[in-house]
Amino acid sequence: MAIVAILVSLLLPVISKVKFQANLMTCRNNLRQIGLAAQVYVTTHEAYPPMTSLGTGDQPVLPWSRLLDLAEPYGGHPPGQRNSVFRCPFYRGVQAQDPTARVYLAQYAYNVWGVGMWYHRLGLGGYMTNVAVAGFPMAPLITVEPTRESAVLAPSDMIGFGDAFNRSPDPRSDGAASIGETFGPKVMNHGALISTVPYKEQVSFRNHRGRFNRWFSDGHLETEDLNRPFRGTDDQLRRWNVDHQPHGDLWRSFVW
C-alpha cells in the first residue's frame, strides 16, 4: 500500500500537467474556430461583426456570438453542449442569463471598444449611431455602424477575441472576469463588481493558471501571462485599438 501511495503521489502532478495542457489546447482551438468564423464574416461583409444586432420590428437582438453562427459550422453550436466552441474547458460557473447567448459568463469575449467606448471608434465592435436622438439605454432608433476591415491598420497586432479576463494596473481589478461578452484594458474595474474573493484567486482564473489566450485579427494566437503586472504601456494599449495608437491619455481619463 505504501508503494502504491508513493506511485500515486508521483503520478498526480504528471496527470495534472497533462490535463492542463489538454484543456489549454482545447481553449486555444476554440478561439481559433471563433476567429475563423470571424474571418469568414469579414470576408463576406468586409467588416467585423458588430457588438450586437439591434432588433427592429419582430427581429431579435443578437449578440456578436450569435452573428457568427451565420458562419456555421465554424462558430455555431447550441449553448450548453460540451463541445461548444464558446465554452472554455477551464470555466467553472453559471451559464449566461440570456438563453439565446452562445457564450458563457467569463469564458470568451470580443474586443468591442478598444480602450474607450463606442463613440471613440477604437474597437472591432462598431459604432452606435443615433444615440443622441434615441437616448440610452438602447432604443429602436439606435443602429450600429460596423468596423470596416480596412480600419484595422495592424491586423497582426490587433486583439480580437480571447479569454474573458480584463487587465488593469489596479491590483484590485487586474484579472477581473468580464461580466458580458466584451473585454479590454481597464484603469480600474472594481466599483460595483468588486468581489470578496480576489479576482486572481477565483476558480476560473486559477484553473487557467494565469495563462490566457488572445486571438489577433491576422488569425494568429498568443498566450498572455496575467500573473505579470499590467502597466498600461503604449505597446500594451495600442494592441486594442484599430488605429494602432495607444490613446493613453484617453484611457487614463476614462475610468470604468
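Residues numbered from 1 in each chain as written. Predicted model: local features only at pLDDT ≥ 70, side-chain atom pairs only at ≥ 80, totals over all residues. Heavy atoms only, no water.

Undergrad: When you look at the packing of aromatic side chains in this model, what are you seeing that I'm missing?
TA: Geometry of an aromatic ring pair is reported as the spacing of the ring centres plus the angle between the planes. For the structure shown, the criterion picks out 8 aromatic pairs. Plain terms: the ring middles of Phe 161 and Trp 215 are 5.4 Å apart, the flat faces sit at 50 degrees to each other, and that makes the pair tilted. With a gap of 54 residues between them, Phe 161 in strand E6 (residues 159–163) and Trp 215 in strand E7 (residues 211–216) connect regions that are remote in the sequence. The burial state of Phe 161 is the same as that of Trp 215; both residues are buried. Between Phe 205 and Phe 212, the ring centres sit 5.1 Å apart and the planes meet at 45 degrees, which makes this aromatic pair tilted. The class for Phe 212 is buried, based on a relative accessible area of 0%. (Phe/Tyr/Trp six-rings, centres within 6.5 Å; stacked < 30°, edge-to-face > 60°. Helix = DSSP H or I, 4+ residues; strand = E, 2+ residues; numbered from the N terminus. Buried < 20%, exposed > 50% of the residue type's maximum accessible area, 1.4 Å probe, protein only.)

Undergrad: Please clarify how the pairing of E6 should be interpreted in this entry.
TA: Along a regular strand, successive side chains alternate from one face of the sheet to the other. With 5 of 5 residues buried, E6 lies mostly within the body of the structure. Across 3 bridges, the pairing between strand E3 (residues 108–110) and E6 is antiparallel. Residue pairing in the sheet places Tyr 108 in a bridge with Asp 163 of E6. The sheet contact formed by E6 and E7 spans 3 bridges and is antiparallel. Each residue of the ladder has a partner; that of Phe 161, found in E7, is Trp 215. (Pairing = 2+ DSSP bridges.)

Undergrad: Is there a simple way to think about the pattern of salt bridges in this case?
TA: Side-chain pairs of opposite charge can arise whenever the charged atoms involved come near each other. For the coordinates displayed, the defined rule picks out 11 salt bridges. The shortest N-O distance in the salt bridge between Glu 222 and Arg 239 comes to 3.1 Å. With a gap of 17 residues between them, Glu 222 in strand E8 (residues 221–225) and Arg 239 in the loop between helix H5 (234–238) and helix H6 (248–253) connect regions that are remote in the sequence. A salt bridge links Arg 238 to Asp 235; the nearest nitrogen and oxygen atoms lie 3.5 Å apart. (Salt bridge = Lys/Arg side-chain N within 4 Å of Asp/Glu carboxyl O.)

Undergrad: Could you clarify how one ought to interpret unusual backbone geometry in this entry?
TA: Positioned with a positive phi, Arg 209 is a non-glycine residue whose angle comes to about 55 degrees. Relative to the helices and strands, Arg 209 resides in the loop between helix H4 (203–208) and E7. Its identity is not glycine, yet His 244 carries a phi of approximately 60 degrees, on the positive side. In this structure, His 244 sits in the loop between H5 and H6.

Undergrad: Just to check I follow, could you spell out the environment of Leu 237 for this structure?
TA: For Leu 237, the position within the fold is in helix H5. In this structure, the C-alpha to C-alpha distance between Leu 237 and Trp 251, residues 14 residues apart in sequence, is 8.6 Å. Setting aside residues no more than four positions away along its own chain, Leu 237 makes contact with Val 115, Pro 185, Phe 230, Gly 232, Pro 246, Gly 248 and Trp 251. (Contact = heavy atoms within 4.5 Å.)

Undergrad: How do you make sense of the nonpolar core when you look at a structure like this?
TA: Across soluble globular proteins, nonpolar side chains have a tendency to be buried as a group. Counting residues in each nonpolar core, the largest one holds 34 residues, and the members touching the most others are Ile 34, Met 51, Trp 64, Leu 68, Tyr 110, Leu 124 and Phe 161. For this core, the secondary-structure elements that each account for two or more residues are helix H1 (2–45), helix H2 (64–67) and E3. Ranked by residues supplied to this core, first place goes to H1 with 9 residues. When near neighbours in sequence (up to four residues on either side) are disregarded, Phe 161 contacts Leu 31, Ile 34, Ala 38, Trp 64, Leu 68, Ala 109, Tyr 110, Phe 183, Asn 213, Arg 214 and Trp 215. Counting 12 residues, the second largest nonpolar core, distinct from the first, contains Ala 109, Leu 122, Val 187 and Phe 216. (Core = buried A, V, L, I, M, F, W, Y, C linked by side-chain atoms within 4.5 Å.)

Undergrad: So what exactly am I meant to see when it comes to the state of the cysteines here?
TA: A covalent bond between the sulfur atoms of two cysteines is what we call a disulfide. For the structure on display, the rule yields 0 disulfides. Cys 88 provides the cysteine sulfur closest to Cys 27, a residue in no disulfide bond, and the two sulfurs are 4.0 Å apart. Residue Cys 88 is classed as buried on the basis of its relative accessible area of 5%. (Disulfide = S-S within 2.5 Å.)

Undergrad: Hey, could you run me through the sheet that holds E7 in this one?
TA: Backbone-to-backbone hydrogen bonds join strands into a sheet, with any given pair of strands oriented parallel or antiparallel. Strand order in the open sheet formed by 4 strands is E3-E6-E7-E8, with antiparallel pairing between adjacent strands. The sheet is open, and its two borders are formed by E3 and E8, each paired with just one other strand. Taking each pair of neighbouring strands and ignoring which way they run, the sheet shows an average axis angle of 25 degrees. As judged from the 5 bridges shared by E7 and E8, these two strands associate in the antiparallel manner. Bridge assignment links Phe 212 to a residue of E8, and that residue is Glu 224. (Axes fitted to C-alpha atoms, helices over the stretch in contact; angles between N-to-C directions.)

Undergrad: I tried to follow the environment of Gly 123 on my own but got confused; where do I start?
TA: Mapped onto the secondary structure, Gly 123 falls in the loop between E3 and strand E4 (127–129). Taking the C-alpha atoms as reference, Gly 123 lies 8.5 Å from Gly 160; in sequence the two are 37 residues apart. Other than its neighbours up to four places away in sequence, Gly 123 contacts Asn 111, Val 112, Trp 113, Gly 114, Thr 147, Trp 240 and Val 242.

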